Amino acid sequence: RLISEKAKIFLEKLKVEGLEFKRVNESPQFFLPVCYNIVEFDVEKRKTRFEKLCSQCGNYQYIVGATPAFLKNIKAVQADSWYRTDIEFGSGKAKKSLTIVGEKLKKTLEKEFKEIDFEAVRE
């Protein structure tokens, strides 16, 4: 989930806490947002499946069932903050966490970037 330089500058102006940007290339400039704010995903309510546990490393080959997103404590999500889930979904080394944003930040991003789609988070 790379973002453009325009998006990076916009988020920096908003002073979103717990968010850093790593440059991935020079031209055009794209960045990887690195988030340090973590929210707990509710795997039981979502009925997330953990498949093929590796006896050597302790990781699962597949973690399936990310959306719709269920959080254990949706009230912990601040209105103007950016988060990632504590669980990464997908398979192998391509697992990714979900990005969660607070309601105020969501509205701000929707006004600035028409191409962003958000899905509701449930508790």
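Parameters at a glance
Residues numbered from 1 in each chain as written. Predicted model: local features only at pLDDT ≥ 70, side-chain atom pairs only at ≥ 80, totals over all residues. Heavy atoms only, no water. Core = buried A, V, L, I, M, F, W, Y, C linked by side-chain atoms within 4.5 Å. Buried < 20%, exposed > 50% of the residue type's maximum accessible area, 1.4 Å probe, protein only. Helix = DSSP H or I, 4+ residues; strand = E, 2+ residues; numbered from the N terminus. pLDDT = per-residue confidence, 0-100. Salt bridge = Lys/Arg side-chain N within 4 Å of Asp/Glu carboxyl O. Phe/Tyr/Trp six-rings, centres within 6.5 Å; stacked < 30°, edge-to-face > 60°. Lys NZ or Arg CZ within 6 Å of the ring centre and 35° of its normal. Arc of directions from axis to C-beta. Contact = heavy atoms within 4.5 Å.

## What about the nonpolar core?
Part 1 of the argument: One finds Leu11, Leu19, Trp82, Leu105 and Leu109 to be the most contacted residues of the largest nonpolar core, which totals 14 residues.
Part 2 of the argument: Listed by contribution, the elements that provide at least two residues to this core are α1 (5-14), β2 (19-25), β3 (30-35) and α3 (103-112).
Part 3 of the argument: Per-element tally for this core: the top contributor is α1, with 3 residues.
Part 4 of the argument: Membership of the second largest hydrophobic core comes to 12 residues, among which are Val39, Phe41, Leu71 and Ile87.

## Some details on the confidence of the model for the protein chain
Part 1 of the argument: Summing up the model confidence of the protein chain, the mean pLDDT is 93 and the portion of residues at 70 or higher is 100%.
Part 2 of the argument: The weakest mean pLDDT in the protein chain belongs to strand β10 (residues 121-122) at 90; the strongest belongs to strand β4 (residues 38-39) at 97.

## A short note on unusual backbone geometry
Part 1 of the argument: Following Ser27, the chain continues to Pro28 via a peptide bond in cis, the omega torsion being -10 degrees.
Part 2 of the argument: Residue Thr67 is joined to Pro68 through a cis peptide bond whose omega torsion reads -5 degrees.
Part 3 of the argument: Counting through the fold element by element, Pro68 comes out in the loop between β6 (60-64) and β7 (69-70).
Part 4 of the argument: Phi is positive for Lys47, close to 60 degrees, though the residue is something other than glycine.

## Some details on the pattern of salt bridges
Part 1 of the argument: One pass over the full model with this rule turns up 7 salt bridges.
Part 2 of the argument: A salt bridge links Lys8 to Glu12, with the nearest nitrogen and oxygen atoms 2.9 Å apart. Of this pair, Lys8 and Glu12 both sit in helix α1, 4 residues apart, roughly one helical turn.
Part 3 of the argument: Given the relative accessible area of 39%, Glu12 is considered partly exposed.
Part 4 of the argument: A salt bridge links Lys22 to Glu20; its shortest N-O distance comes to 3.8 Å.
Part 5 of the argument: Connected via shared salt-bridge partners are Glu103, Lys106 and Glu110.

## Quick notes on the packing of aromatic side chains
Part 1 of the argument: What the rule picks out here adds up to 3 aromatic pairs.
Part 2 of the argument: Where Phe10 meets Phe113, the ring centres are 5.5 Å apart and the plane angle is 90 degrees; that geometry is what we call edge-to-face. Of this pair, Phe10 sits in helix α1 while Phe113 sits in the loop between α3 and β10; the two residues are 103 residues apart in sequence, bridging distant segments of the chain.
Part 3 of the argument: On the basis of relative accessibility, which here comes to 17%, the residue Phe10 falls in the buried class.
Part 4 of the argument: Directly above the aromatic system of Phe31 lies the positively charged group of Lys8, at a separation of 5.1 Å from the ring centroid.

## Description of α1
Part 1 of the argument: Within α1 the residues assigned to the buried category are Ala7, Lys8, Phe10 and Leu11. Down the axis of α1, the buried side of the element spans an arc of 165 degrees, and every buried residue falls inside it.
Part 2 of the argument: The inward-facing, buried residues of α1 abut β1 (3-4), β2, β3, β8 (82-91) and α3.
Part 3 of the argument: Just beyond α1, the residue with positive phi is Lys15, at close to 60 degrees.

## Regarding the environment of Phe41
Part 1 of the argument: Mapping Phe41 onto the fold places it in the loop between β4 and α2 (43-46).
Part 2 of the argument: Residue classification places Phe41 among the buried positions, given a relative accessible area of 2%.

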